[in-house]
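Breakdown of the fold
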Amino acid sequence: MKVLVTGGAGFIGSHTVVALYEAGFEPIIVDDFSNSDPQIIEGITAIIGKKPTVYQENCHSMDVLKSIFEKEQIEGVIHFAAFKAVGESMQKPLEYYDNNLGSLIVLLKCMLECGVKNLIFSSSCTVYGEPDALPVTEQTPVKPANSVYGNTQQIGEEILSDTVRSLEHQSLKVLSLRYFNPVGAHPSALIGELPRGVPNNLVPFMTQAAAGIRGALTIFGDDYPTPDGTCIRDYIHVMDLAEAHVAGFRYLMSHESPAIYDVVNVGTGSGVSVLELLQSFERINGLPVPYKIGPRREGDVVAVYADASKAEKMLCWKALRSIEDGLRDAWNWQKNTSKPE
Ligand code: UDP
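All values derive from a computational prediction rather than experimental measurement. (Residues numbered from 1 in each chain as written. Predicted model: local features only at pLDDT ≥ 70, side-chain atom pairs only at ≥ 80, totals over all residues. Heavy atoms only, no water.)

1. Quick look at the site of the ligand
- Every one of the 14 residues lining the ligand counts as a neighbour, but L202, T218, R233, R297 and D300 are closest to it.
- Taking F220, its main chain carries an N or O atom lying 2.9 Å from an oxygen atom of the ligand.
- Contact between the ligand and R297: an oxygen atom at 2.8 Å from a side-chain N or O atom of the residue.
- When isolated, the ligand has an accessible area of 510 Å², and the protein chains bury 86% of it. (Near = heavy atom within 4 Å. Polar contact = N/O pair within 3.5 Å; in protein donor to acceptor, adjacent residues only side chain to side chain. Areas by Shrake-Rupley, 256 points an atom, 1.4 Å probe, with all protein chains shown as cover.)

What follows is the structure in structure tokens.
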């Protein structure tokens, strides 16, 4: 059964490709490699023992997508392809709205025209903003986004729910998965996160700091109202997150109802502070991470972590790997990766 994975060479996409394959699906990758590397395809090939089908295309062209759908007899789509840098999104709002929402609209039109019924959409916990209560459930109110990127995810969710609601005679089943903070890499260390330039995210910066590539990690603020003063997040192993997509896809396939739109948190349910994460990294990998305390980063929320019970009930999925697994796999991947420029 073929599943189209847009952005399948990216961080979460590539791990999902592996998880799909291991679950018996045939992933078909569409990726324009604008923010990913062909080396990841080699890694996927080494893990699954065969070269996956890859289309080097972006998802903006109806004709391109349609011809792929017709050729491959696609059963459903997992849509990762999007720009995702918060800071950059504020500098280039039109590029972000155009790329992230334009490609979603083209994809949806194409799915409806070609009768492809199942879709999983990458959303994230940024939709909750600074929550009033923790952990966040799917009923926690969505707050106004504080970046263009965050807004593209919120609008993306709205486009999907409006479209499903509008259909009377056609079937479309959609899950928006709201990711918490993905970390780690495949345990083989053959695929992992490949940030371009200076990493924005905590764990890639931490592994590069530990490897002596970046100098000290700056912890953005230690005066937050948390036990150790640093921000709290829900760090989920990327293979757990990948497997949540497989579970979501199985859920959609096994439900006959013609119209589904639902949102599901994909996290571990545990909040971990930046300092706790750093100390775990040092303990599990047996080496120090140079760091300094810096000012707060604009736009950071104090604390967010998931109530992941809906995913367990609905998708029969829960995170199985520990934060230590994630930090060990992230470090093994770092050691296996050539030094960035
Ligand atoms: N963080 C940090 N230093 C860095 C990068 C991130 O202290 O170099 C902190 C950031 O302030 C936040 C947490 O690490 O509290 C996770 O940030 P990340 O950018 O990885 O994910 P976000 O939760 O912002 O999506």
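2. What about the packing of helix α7 (residues 202–210) against helix α9 (residues 274–285)?
- Packing of α7 against α9 brings their axes to within 12 Å, and their N-to-C directions diverge by 40 degrees. The orientation of α7 with respect to α9, classified from their angle, is oblique. Crossing angle aside, the handedness with which α7 passes α9 is right-handed. Facing L202, V203, M206, T207 and A210 of α7, the residues of α9 in contact are V274, L277, L278 and F281.
- Broken down by class, the residue content of the contact of α7 with α9 amounts to 8 nonpolar, 1 polar and no charged. (Axes fitted to C-alpha atoms, helices over the stretch in contact; angles between N-to-C directions. Helix = DSSP H or I, 4+ residues; strand = E, 2+ residues; numbered from the N terminus. Parallel < 35°, antiparallel > 145°, perpendicular 65-115°, else oblique. Left-handed = near helix turned anticlockwise from the far one by under 90°. Contact = heavy atoms within 4.5 Å. Nonpolar A, V, L, I, M, F, W, Y, C, P; charged D, E, K, R; others polar.)

3. Brief notes about the packing of helix α1 (residues 11–22) against helix α2 (residues 38–48)
- Between α1 and α2, the least distance of the axes is 10 Å, while the angle of their chain directions is 20 degrees. With respect to their mutual orientation, α1 and α2 come out roughly parallel. The element α1 and its partner α2 pack so that their crossing is right-handed. Facing S14, V17, V18, Y21 and E22 of α1, the residues of α2 in contact are I40, I44, I47 and I48.

4. Here we look at the side chain of N99
- Within the fold, N99 resides in helix α5 (residues 93–114).
- Sequence-distant contacts of N99, defined by excluding residues within four places in its chain, comprise H60, A82 and F83.

5. Quick look at the side chain of K173
- Assignment of secondary structure puts K173 in strand β6 (residues 172–179).
- This buried residue, K173, is left without a salt bridge; E256 holds the nearest opposite charge, at 5.9 Å.
- A distance of 3.5 Å separates the side chain of K173 from the side chain of N118, its partner in a polar contact.
- Looking at K173, its side chain comes within polar contact range of the main-chain oxygen of H255, at 2.8 Å. (Buried < 20%, exposed > 50% of the residue type's maximum accessible area, 1.4 Å probe, protein only. Lys, Arg positive; Asp, Glu negative; His and termini not counted. Salt bridge = Lys/Arg side-chain N within 4 Å of Asp/Glu carboxyl O.)

6. A few points about helix α11 (residues 323–336)
- Over its 14 residues, α11 runs 20 Å from end to end, which matches the ideal 20 Å to within 8%, given 1.5 Å per residue.
- Taken together, the buried positions of α11 are I323, G326, L327, D329, A330, W331, W333 and Q334.
- At its buried positions, α11 is contacted by α2, β7 (181–183), α7, β10 (235–237) and α9. (Expected span 1.5 Å × (residues − 1).)

7. Digging into the sheet that holds strand β2 (residues 26–30)
- Spatial ordering of the open sheet is given by β3-β2-β1-β4-β5-β6-β11, a layout of 7 strands whose pairing is parallel. At either end of the open sheet lies a strand with only one pairing partner, and these are β3 (53–55) and β11 (259–266). Adjacent strand axes in the sheet meet at a mean angle of 20 degrees, parallel and antiparallel pairs treated alike.
- With 3 bridges joining them, β2 and β3 adopt parallel strand pairing. Residue pairing for β3: V30 is matched across the bridge by Y55. (Pairing = 2+ DSSP bridges.)

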